[in-house]
Amino acid sequence: MRIGAHVRQDSDPIGLGAKLGAEVVQFFVVDPQSWDKPKPHPLAEQIKASEIDVVIHSSYQINVASTNNRLRMPSRQAVALQAAAAAELGAFGLVVHGGHVRSDAEIEAGIINWRKLFERQQDKGGFAVPILIENTAGGNHAMARHFDSIARLWDAVGDFGAGFCLDTCHAWAGGEELVGVVDRIKAITGRIDLVHLNSSRDEFNSGADRHANLSEGTIDPELLAEVCRTAGAPVVLETPADGVADDIAYLREHVG
Ligand SMILES: [Zn+2]
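Residues numbered from 1 in each chain as written. Predicted model: local features only at pLDDT ≥ 70, side-chain atom pairs only at ≥ 80, totals over all residues.

Observations concerning the overall build of the chain
So, point 1. Across its full length, the chain carries nine helices and 10 strands.
So, point 2. Here the C-alpha atoms of the chain give a radius of gyration of 17 Å, agreeing with the 18 Å that 2.2 N^0.38 yields for 256 residues.
So, point 3. Here the chain holds 256 residues, and 46% of them are scored as buried.
So, point 4. Within the chain, counting contacts between residues at least 6 apart in sequence, those at least 24 apart form 75% of the total. (Helix = DSSP H or I, 4+ residues; strand = E, 2+ residues; numbered from the N terminus. Rg over C-alpha atoms; globule rule 2.2 N^0.38 Å. Buried ≥ 20, exposed ≤ 12 C-beta atoms within 10 Å, placed from the backbone. Contact = placed C-beta atoms within 7 Å.)

Written out as structure tokens, the structure reads:
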């Protein structure tokens, strides 16, 4: 399986990935805190031709579930534009967080909004790369924190070829056991396209989204290695930069 990392500088992602010995890199195509539109990457040809696989993480403001038009509309547009930019770089997917609504009463509307994202884009020929929906750690009205919500979401979006990104920190901090997690998710989604392999600074079910290096966090590293062994998907570390090389080394040694 291919192991790599999220690289925080987007100017030369392949160079940074090579330095880390990564087989896959993840990065942003815009400032993740902005609504900027992606611009062509100066190293697009190099990135596309590289042996290192590429996946793009979408920006953080995006919330396609939102019932607020002024958030949902730009979110839809941003997903389409960032998917197009990802395709220009030869990426195998665009990671999008499940997002959230403001109350339990809005959950159904949030699910319908996710479905509409795919329905509307289907009329335009679909997204340029697969959309990988990522589970999240926190919030009481999240679309993809608890696996029963993911099951409801999948009933609505599974037919559109939605992919799934499993984040181990988010599952743990969100209150989902990691023992057997791969089988439980695959029973819902039928697939795992990407693993975000992170330990957590916080305890089980804390609801906090703070990633930790594998040797520092509250999750048993052997359990994390087990997720990698069983997921059958590329693995991207989103752990603090200083410890990423050690995290990759640990996985190479323990996943085999
Ligand atoms: Zn993640």
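The discussion continues.
As for the packing of helix α3 (residues 69–88) against helix α4 (residues 107–122)
So, point 1. Relative orientation of the contacting elements α3 and α4 amounts to 50 degrees, with a least axis distance of 11 Å. As judged from the angle between their axes, α3 and α4 are oblique. Viewed along their axes, α3 and α4 form a crossing whose handedness is right-handed. On α4, the residues that touch R72, R76, V79 and A80 of α3 are N113, L117, R120 and Q121. (Axes fitted to C-alpha atoms, helices over the stretch in contact; angles between N-to-C directions. Parallel < 35°, antiparallel > 145°, perpendicular 65-115°, else oblique. Left-handed = near helix turned anticlockwise from the far one by under 90°.)

Describing the sheet that holds strand β3 (residues 53–57)
So, point 1. The eight strands lie next to each other as β1-β2-β3-β4-β5-β6-β7-β10, forming a closed barrel whose pairing is parallel. Averaged over all neighbouring strand pairs, the angle between strand axes comes to 30 degrees, with direction disregarded.
So, point 2. Across three bridges, the pairing between strand β1 (residues 3–6) and strand β2 (residues 24–27) is parallel. Its bridge partner lying in β2, H6 is registered against Q26. (Pairing = 2+ DSSP bridges.)

Observations concerning the pairing of β1
For a regular strand, side chains alternate in direction, first toward one face of the sheet and then toward the other.
So, point 1. Summarising the sheet, β1 and strand β10 (residues 235–237) pair through three bridges and their orientation is parallel. Directly across from G4, in β10, lies its bridge partner V236.
So, point 2. Crossover connection from β1 via helix α1 (residues 13–20) to parallel β2: handedness right-handed. (Right-handed = clockwise from strand over helix to strand, strands pointing away.)

A word on the pairing of strand β6 (residues 163–167)
So, point 1. Along β6, five of the five residues are buried, which leaves the element largely enclosed by surrounding structure.
So, point 2. Strand direction decides the pairing type here: strand β5 (residues 131–134) and β6, joined by three bridges, are parallel. By the bridge assignment, I133 is partnered in β6 with F164.
So, point 3. Each parallel crossover has a hand, and for β5 linked through helix α5 (residues 147–157) to β6 it is right-handed.
So, point 4. Taken together, the three bridges between β6 and strand β7 (residues 194–196) define a ladder with parallel strand orientation. Of the residues in β7, the one forming a bridge with D167 is H196.

Notes on the nonpolar core
So, point 1. A86, L94, V96, I131, L132 and V195 are the most contacted members of the largest nonpolar core, which has 74 residues in total.
So, point 2. At five residues, α3 tops the list of elements feeding residues into this core. (Core = buried A, V, L, I, M, F, W, Y, C linked by C-beta atoms within 7 Å.)

Overview of the environment of L94
So, point 1. Structurally, L94 can be placed in strand β4 (residues 94–97).
So, point 2. Looking at L94, the number of C-beta atoms within 10 Å reads 26, which means it is buried.
So, point 3. Through-space distance from the C-alpha of L94 to that of V129 is 6.6 Å; in sequence the pair is 35 residues apart.
So, point 4. Not counting residues within four places of it along the chain, the set of residues in contact with L94 comprises I56, S58, Q82, A83, A86, V129, I131 and L132.

Topic: α5
So, point 1. Where α5 is concerned, the buried positions are F147, I150, L153 and W154. Buried residues along α5 cover an arc of 105 degrees about the axis, so they all sit on one side. Exposed side chains of α5 directed beyond 90 degrees from the buried face belong to D148 and D155.
So, point 2. Buried residues belonging to α5 abut α4 and α7 (181–189). (Arc of directions from axis to C-beta.)

With respect to helix α8 (residues 221–231)
So, point 1. Among the residues of α8, those classed as buried are L224, V227, C228 and A231. Along α8, the residues classed as buried sweep out an arc of 95 degrees about the axis, all on the same side.
So, point 2. Two residues or fewer after α8 comes G232, characterised by a positive phi angle close to 65 degrees.

Honestly, it's all geometry; don't read function into it.
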